[in-house]
Amino acid sequence: MTCGGCARTIVAAIKGVDAQAEVDTDVPGRIVRVDTGRDSDPLIAAIKAAGYDARLG
């Protein structure tokens, strides 16, 4: 994630899995924080499907 467009794409991917998720992006830090009641696996899969690396940190 290197720009605002990247961040918007990732947020959209997450919201596609959980529309109620609260998502905070830190573009310079390349970090996305997600507050959700959903399991992390589908969220990670959605981010990867959008073309970005994802892992728990």
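Keep in mind that this is a model prediction, so the values were computed, not measured.

Chemist: Residues and numbers for helix 1 (residues 4-17), please.
Modeler: Look at helix 1: 20 Å from first C-alpha to last across 14 residues, which is about the 20 Å you get at 1.5 Å a residue. Residues of helix 1 that are buried make contact with strand 1 (22-26), strand 2 (31-35) and helix 2 (40-49).

Chemist: Give a detailed account of the packing of helix 1 against helix 2, specifying residues and quantitative values.
Modeler: Closest axis-to-axis distance for the helix 1/helix 2 pair is 9 Å, and the angle between their directions is 140 degrees. As far as their axial angle goes, helix 2 and helix 1 are oblique. By crossing handedness, the relation of helix 1 to helix 2 is classed as right-handed. For the pair helix 1 and helix 2, the contacting residues are I10, A13, I14 and V17 in the first and P42, L43, A46 and I47 in the second. Along the lines of polarity and charge, the residues of the contact of helix 1 with helix 2 split into 8 nonpolar, no polar and no charged.

Chemist: Describe the pairing of strand 2, naming the residues involved and giving the relevant values.
Modeler: Of the strand pairs in this sheet, strand 1 and strand 2 are connected by 5 bridges, and their pairing is antiparallel. Residue pairing across strands places D24 opposite R33, the latter belonging to strand 2.

The rules behind these values
- Residues numbered from 1 in each chain as written.
- Predicted model: local features only at pLDDT ≥ 70, side-chain atom pairs only at ≥ 80, totals over all residues.
- Heavy atoms only, no water.
- Helix = DSSP H or I, 4+ residues; strand = E, 2+ residues; numbered from the N terminus.
- Expected span 1.5 Å × (residues − 1).
- Contact = heavy atoms within 4.5 Å.
- Axes fitted to C-alpha atoms, helices over the stretch in contact; angles between N-to-C directions.
- Parallel < 35°, antiparallel > 145°, perpendicular 65-115°, else oblique.
- Left-handed = near helix turned anticlockwise from the far one by under 90°.
- Nonpolar A, V, L, I, M, F, W, Y, C, P; charged D, E, K, R; others polar.
- Pairing = 2+ DSSP bridges.

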